[in-house]
Amino acid sequence: MKTVVSEHPSKSKSPTEFSKLKKLKITILKSMKNFAAQQLSKKEMNNVKGGAQFDCTVSVDGEIISSGAALGNSKREVAEQLLNQYRQVYYEDERIEVRCR
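Here is what the cut-offs are and how they apply
- Residues numbered from 1 in each chain as written.
- Predicted model: local features only at pLDDT ≥ 70, side-chain atom pairs only at ≥ 80, totals over all residues.
- Heavy atoms only, no water.
- Salt bridge = Lys/Arg side-chain N within 4 Å of Asp/Glu carboxyl O.
- Buried < 20%, exposed > 50% of the residue type's maximum accessible area, 1.4 Å probe, protein only.
- Helix = DSSP H or I, 4+ residues; strand = E, 2+ residues; numbered from the N terminus.
- Pairing = 2+ DSSP bridges.
- Disulfide = S-S within 2.5 Å.
- Phe/Tyr/Trp six-rings, centres within 6.5 Å; stacked < 30°, edge-to-face > 60°.
- Axes fitted to C-alpha atoms, helices over the stretch in contact; angles between N-to-C directions.
- Contact = heavy atoms within 4.5 Å.

Summed over all chains, the structure comprises 3 salt bridges. Glu97 is the partner of Arg99 in a salt bridge, and the nearest nitrogen-oxygen pair spans 2.6 Å.

Rendered as structure tokens:
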């Protein structure tokens, strides 16, 4: 596939070279249109790549006990997963708070 043309195609000595370049441009445009039609939504892209990364902090009774990155499709999903994990470790009367950004 040609990517660089040294001279303007209309000044080329070979008329077939110009027609080849013209066809090449049309093919590129068609493939770009096809590419645009196949774009994924943000949610679909996150599912493909394994989710987005969020910075989260977990605090128990107002004291930060954990801070780091977590993967998931949404902040809410990640926060709920972390909250469920920490509820298994701490007593029910302790206030667990998860913040993700």
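So that's the structure; there's more coming.
Our focus in this paragraph is the pairing of strand β3 (residues 96-100). Burial of β3 is one-sided: the residues Ile96, Val98 and Cys100 facing one way are buried, the residues Glu97 and Arg99 facing the other way are not. Taken together, the 5 bridges between strand β1 (residues 52-60) and β3 define a ladder with antiparallel strand orientation. Looking at β3, one finds that Val58 is bridged to Val98.

A word on the state of the cysteines. On inspection of all chains with the given rule, the structure shows 1 disulfide. A disulfide bridge connects Cys56 with Cys100, and the sulfur atoms are separated by 2.2 Å. Given an S-S torsion of about 110 degrees, the disulfide between Cys56 and Cys100 has right-handed geometry. Taken together, the positions of Cys56 in strand β1 and Cys100 in strand β3 put the pair 44 residues apart, joining distant regions of the chain. Looking at Cys56, the relative accessible area reads 4%, which means it is buried.

Structurally, the position occupied by Asp93 is in the loop between α3 (75-87) and β3. Take Asp93: its relative accessible area is 70%, and that puts it in the exposed class.

We now examine the packing of aromatic side chains. Centre distance and the angle of the planes are the two values used to describe a pair of aromatic rings. Scanning the entire structure with this criterion turns up 1 aromatic pair. Between Tyr86 and Tyr90, the ring centres sit 6.4 Å apart and the planes meet at 20 degrees, which makes this aromatic pair stacked.

Here we take up the sheet that holds β3. The sheet built from 3 strands is open, its strands ordered β2-β1-β3 with antiparallel pairing. Lying at the two open borders of the sheet, with one neighbouring strand each, are β2 (63-72) and β3. Neighbour-to-neighbour, the strand axes of this sheet turn through a mean angle of 25 degrees, independent of strand direction. Strands in contact with α3 are β1, β2 and β3; relative to β3, the strand with the most contacts, it is inclined by about 150 degrees.

Read these as spatial facts, not as claims about activity.
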